[in-house]
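# Fold and geometry: a report
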Amino acid sequence: MSKHHVTTNINGEPVEFLCEAQQTMLDVLRDELHLTGSKEGCGSGDCGACSVILDGKVVCSCLMLGVEAEGRKVITIEGIAQGDKLHPVQQKFLEHAALQCGFCTPGLIVAAKALLDENLNPTEEETRYWLAGNLCRCTGYDKVIRAVLDAAAVMRGEPGASVST
Amino acid sequence: MTYLDKASLKVVGTRPIRPDGVDKVIGRAAFGADMVLPGMLWGKVARSPHAHARIKSINIDKALAVPGVKAIVTSADLPAIPSEEAFVGEGPMNFRDLSSNCMARGKVLYDGHAVAAVAATSPAIAEEAAALIEVEYEVLPHVIDVEDAMKPDAPVLHDDLFTQGIDPKPAKASNIAKRITFTKGDFAQGWKEAEVTIERRYTTQPVHQAYIEPHACLVSVGADGQCTIFSSSQGQFMVRAYCAKLLGIDIANIRATPAEIGGGFGGKTLVYLEPVALALSKKAGKPVKIVMSREEVFRGTGPAAGGVIEVKYGAKKDGRLVAAELVVKLQAGAFPGSPVGPACMCGFAMYDIPHVNIVGYDVVSNRPKVAAYRAPGAPNSTFGTESCLDELAIELKIDPLKLREINAAKEGTKAAHGPTWANIGYTQTLDAAKAHPHMKIALGPNQGRGIASGFWFNIGGESAASVYVNEDGTATVVEGNPDVGGSRASMAMMAAEVLGIAYERVRAVVADTSSTGYCFLTGGSRVTFATGMAVTQAAEKVVVELKKRAAMIWDISPDAVDWKDGKAYPAGPNAGSFEPLSLGEIALKAGRTGGPISAEVSINAQGAGAGFATHICDVEIDRETGHVKVLRYTAVQDVGRAIHPSYVEGQIQGGVTQGIGWALNEEYVYDKHGRLDNAGFLDYRIPVASDMPMIEAVMVEVPNPRHPFGARGVGEVPIVPPMAAVANAIADAIGTRMRDLPMSPPKLRAALDLQDPPRLAAE
Ligand code: FES
Ligand code: FES
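Quick notes on the rules
- Throughout, a residue's number is its position along its own chain's written sequence, starting from 1.
- Chain labels run from A onward and ligand labels from 1 onward, assigned in the order the entries are written.
- pLDDT decides what is reported in this predicted model: residues at 70 or higher carry local features, side-chain atom pairs at 80 or more are listed and counted, and totals for whole chains, interfaces and linings draw on all residues regardless.
- Side-chain figures throughout are based on the complete set of non-hydrogen atoms in the structure, without hydrogens or water.
- Relative accessibility decides the category of a residue: with a 1.4 Å probe and only protein chains considered, values under 20% of the type maximum give buried, values over 50% give exposed, and everything between is partly exposed.
- Secondary structure elements follow DSSP: runs of H or I no shorter than four residues count as helices, runs of E no shorter than two count as strands, and numbering proceeds from the N terminus.
- Two strands are counted as paired when DSSP detects at least two bridges linking them.
- The charge count includes Lys and Arg as positive and Asp and Glu as negative, but it does not include His or the ends of the chains.
- When a carboxyl oxygen of Asp or Glu lies within 4 Å of a side-chain nitrogen of Lys or Arg, that pair is called a salt bridge.
- What qualifies as a polar contact is a pair of N or O atoms within 3.5 Å, subject to a donor-acceptor requirement within protein and to the restriction that residues adjacent in sequence count only when both atoms come from side chains.
- Pairs of residues are marked as contacts when any of their non-hydrogen atoms sit within 4.5 Å.
- Angular values range over 0 to 180 degrees, each being the angle between N-to-C directions of two axes fitted as lines to C-alpha atoms, with helices fitted over their stretch in contact.

### Remarks on the pairing of strand 23 (residues 567-570) of chain B
Residue and element names in this part refer to chain B. Residues Ala568 and Pro570 line the buried face of strand 23, whereas the alternating positions Lys567 and Tyr569 sit on a face that is not buried. In terms of strand pairing, strand 22 (residues 561-564) meets strand 23 through four bridges, oriented antiparallel. What sits directly across from lysine 564, in strand 23, is lysine 567. The antiparallel pairing of strand 22 with strand 23 creates a hairpin that spans two residues between the two strands, and aspartate 565 there sits at a positive phi of about 50 degrees. Relative to strand 24 (residues 581-582), strand 23 runs antiparallel, the two being bridged by two bridges. Residue pairing across strands places lysine 567 opposite serine 582, the latter belonging to strand 24.

### Things to note about the pairing of strand 12 (residues 227-231) of chain B
Residue and element names in this part refer to chain B. Along strand 12, four of the five residues are buried, which leaves the element largely enclosed by surrounding structure. In this structure, strand 11 (residues 216-221) lies alongside strand 12, joined through five bridges in antiparallel fashion. Among the inter-strand pairings, leucine 218 is bridged to a residue of strand 12, identified as phenylalanine 230. For strand 12 and strand 13 (residues 254-258), the ladder comprises five bridges, and the chain directions are parallel. For phenylalanine 230, the partnering residue across the bridge sits in strand 13 and is threonine 257.

### Considering the side chain of Glu716(B)
Residue and element names in this part refer to chain B. When you line up the elements, glutamate 716 lands in the loop between strand 28 (695-700) and helix 19 (722-734). An unpaired buried charge is present at glutamate 716: no salt bridge exists, and arginine 374, the closest side chain of opposite charge, is 7.3 Å distant. Within the structure, glutamate 716 has its side chain in polar contact with the backbone nitrogen of glycine 524 (distance 3.5 Å). Those residues in contact with glutamate 716 that lie beyond four places of it in its chain are Glu90, Arg374, Ala375, Pro376, Trp456, Gly524 and Ser525.

### A short note on the sheet that holds strand 22 of chain B
Residues and elements named next belong to chain B. Strand order across the open sheet formed by three strands is 22-23-24, with antiparallel pairing between neighbours. A single partner strand is all that each edge strand has here, and the edge strands are strand 22 and strand 24. The strands touched by helix 15 (residues 527-554) within the sheet are strand 22, strand 23 and strand 24, with strand 22 carrying the most contacts at an inclination of about 130 degrees.

Everything listed here is a matter of geometry and, on its own, says nothing about what the molecule does.
Structure below.
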């Protein structure tokens, strides 16, 4: 069976790849393009570890076929920082110790960025519901939520919380 | 040397950014499934669809004929090894059983048990071929429930399993692997002295550790027998030891590299894939990568034990406990080895009770072999003992926190399981809980508050660590414990504190088995304590050497040199007058004063400090749906000394959340054939962000004098109190006691319907 040729845009770069019809976007990212920052925690749309932003919306890349990327714009965890400048969400994850093992972290950061792209002033409850599709077994979400709310404050131009040292 | 004086610390106790942090927020960290090797094959495991069956034959011809298939292995490709106790992982383990768990031998013992494995040129081909492996089974009767498995007429899993701990030795094989007892005083006597008695029965369900990263490994076996393993585990030395034994390989021929680990919680303290991948790689002559699907993780790995917990308390009217009894029947899964020992020991460890009787049963059934899960065993027994204590408090009309104060274990108390407590902080957790503003928040209708305490031993054990001074005055720490939650940061902090240099100038590395000395696995809440002790001692040896070098440069005696804030000073006016020499300056001259400056320390760390915690939980019950919402949660814990407080809080918050999941939602659902019905995150629901409130972690610091900085293990005890805390809060809210986990909406609804028959009739 011949492979499909797909032309797309990933993290701002034009990208072409070949994939099988049944290959998921997550498999394409990880196995064909070596963008292994997106993780597979379930492969069934339940954990959010594979979250990417597709034309501005968060999707589970494990539920998307590689061929569906044709003509679209995809942002993965590798495209969230600008060069060596971390996105405020990434910076705040570090400061708040919002990761323990770090496996859920790429998905959470992608989803949180998408939230803040849409709403720079989310409440705690809105943040919790937005991130309800991103499972984290390590942190109990406390520091994750604090990090996202703090990143929002910084992006609004407020000083942000200081993590006591 | 010790550093117990908190005021003198500059680095320990602060909250710097972890050294592996940036890689983890930009997607660059390499977890188990993220590595590739040139020419590698993909492996896939074929698994049993039956709960219990004899394997009559395995035909691999069709699978082997699929283009791209390079090797297939079954148990015939793993050497048959004799029964032998292993002490390389967490909790009891037998090498022979572990081998049979990795690849079924003769019989399959649970739905999901591995029977064969394929290596092929793509994941899709491997999967297709695995499905073509033809196994002929003779299906046998199965048993899932722990008490069913204990019945005399239950289907027997192992015909060579005779209950240990019973005299005389039984003549008939059974599913009860062992019976253990602990006694203190004379329970019968104590029971007679009691003025109020209570007897209750509780049940817990096995739950999965549910780390978000599925098991994964990439291995390579060379033609000369040398092997490399890259895998996600809680200990590269554990992986090496198990693989060597299960495959008959010399340890020196295995180099195991720890991947970043995407959560373990005890569930990655044993091997599933690595031996199978090695066997495939050997046969195919190529590297092999295997990654489990989530379904395989649920069907084939973990879970934590569940079981039946029977509790009796006898007390005086003033609340003093005079007698207590605990019977624990714990699920081991398909092979012996449930954490029934710790379950028995932890249940009453918080209290000073004169007469105690404890009995535990380790019971096999047709479920996956249990693995450790955060304080293994303790959450089970403690759900029973701490729920029952709450029931006793209600009966005695004594405030539950007060009842705990009256009976709290203190310095010098002899615990029911043997030790006499020293330097413990249990009462301090009660004091802090009592004083916490949480206790004063008023509750509304259908809301309730529960208190529960818990204990976990924490362990020390074997660790090695090295500290290298680099030529520019920075330092490198090398150790061998996978970093599951910020331990690289803690190691670097302790070394920086001792060396007197900035945290950012010390980098900590977790090395492969050929690049650092032996470290027992990451488990038992041991790493900050034991490996931290090794790092501290190595840094101290480096300081001794640095002083020696300064003395050499100044031409004075090393005793006349002081080390402070990363600099050598003459110890006093008699030592001479010299400008202080910084670590960097000494490092620069190291070549001329005797060569590179470094130290390695290997220890068997003793004196781990016991961990105690007291939790306060507020819930609200939706009487329509039976849903329990956790409104507020405060977890007070004696942490000894928090090295990096944020990561200590994180351990507490994560453990509490897992406990709440165990309390309210999580369970395995088996169909009548013994097949797992909920092998996915949709149907096996772990807590999500919208289920949880913020969790306030209150760190009480009663330093452990056996650790240079006073650290105690912190990772496990947080999962011990939550189930009882939630149950006690539910009882407070609705006046009904929930004794069976999970306390899910259908169970709450049933309980509420009993309270409210008119509504039931109206529906
Ligand atoms: S891997 Fe896509 S949602 Fe879990
Ligand atoms: S940090 Fe481990 S799963 Fe979230």
